[in-house]
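Coordinate inspection notes
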Amino acid sequence: MGYKHILVAVDLSADSEKLIQKGAALAAPLGAKLSLIHIDVNYAQLYTGLIDINMVETRNQIIEEAQSQLNKLAKLSDTPVTHTLVASGDLADEITESIGHFGIDLVICGHHQDFWSTLISSAKQLINKTPVDMLMVPLPS
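Residues numbered from 1 in each chain as written. Predicted model: local features only at pLDDT ≥ 70, side-chain atom pairs only at ≥ 80, totals over all residues. Heavy atoms only, no water.

**Considerations on the side chain of Ser-16**
The condition that has to hold: Each helix is a run of H or I in the DSSP string that is no shorter than four residues. Each strand is a run of E no shorter than two, and both are numbered from the N terminus. Any two residues whose heavy atoms approach within 4.5 Å are treated as being in contact.
As for its position among the elements, Ser-16 is in helix H1 (residues 15-30). When residues no more than four places from it in sequence are discounted, the contact partners of Ser-16 are Val-10, Asp-11 and Leu-73.

**Section: H1**
Keep this limit in mind: By this rule the span expected of a helix is its residue count minus one, scaled by 1.5 Å. Exposed residues in this analysis have more than 50% of their type's maximum accessible area, buried residues have under 20%, and partly exposed residues fall in between, with area computed by a 1.4 Å probe over protein chains only.
For H1, built from 16 residues, the straight-helix expectation of 22 Å at 1.5 Å per residue is met to within 8% by its first-to-last C-alpha distance of 24 Å. Of all the residues in H1, the buried ones are Asp-15, Ser-16, Leu-19, Ile-20, Gly-23, Ala-24 and Ala-27. Of the residues flanking the end of H1, it is Gly-31, one or two places downstream, whose phi is positive at about 70°.

**Notes on the packing of helix H3 (residues 91-102) against helix H5 (residues 122-129)**
We apply this condition: Every axis in this analysis is a line fitted to C-alpha atoms, fitted for helices over the stretch in contact. Angles between the N-to-C directions lie between 0 and 180 degrees. Take the far helix as your reference; a near helix turned counterclockwise from it by less than a right angle gives a left-handed crossing, and one turned clockwise gives a right-handed crossing. Note on residue categories: nonpolar means Ala, Val, Leu, Ile, Met, Phe, Trp, Tyr, Cys or Pro, charged means Asp, Glu, Lys or Arg, and polar means any other residue, Gly included.
Two elements in contact, H3 and H5, have axes whose closest approach is 9 Å; the angle formed by their N-to-C orientations is 35°. Judged by the twist between their axes, the crossing of H3 over H5 is right-handed. Here Leu-91, Ala-92, Asp-93, Ile-95 and Thr-96 of H3 lie close against H5, whose contacting residues are Ser-122, Gln-125, Leu-126 and Lys-129. Taken together, the residues of the contact of H3 with H5 sort by class into four nonpolar, three polar and two charged.

Printed below as a string of structure tokens:
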């Protein structure tokens, strides 16, 4: 059984290139589609109303910058990238929604193996919620 659509979740750090290369290396021989996603923190939930800032404008600027960075990363891939997605909210929820919407059958994401990741890891939440195969790539601390 081969994969038909691979989704690579990136955080736009230097490690993102490694994850995209891994996804491209898997997608190319299978003839699978390759898509990229970046999930941004929902900043509106972080503020308690004590700070007066225009959250809509700030959020739009953050999303536009993330989309620009994601498009640049997509150009580095030897395999054509079908979709570049930027979302805001809960990581597991947004990836699960994308899986259903785009017919994803493999999700690739990175996991830092450091002290903080043992305490606070989104990987466990993602593993518990994602309805398709996952490839967890260890990343250096």
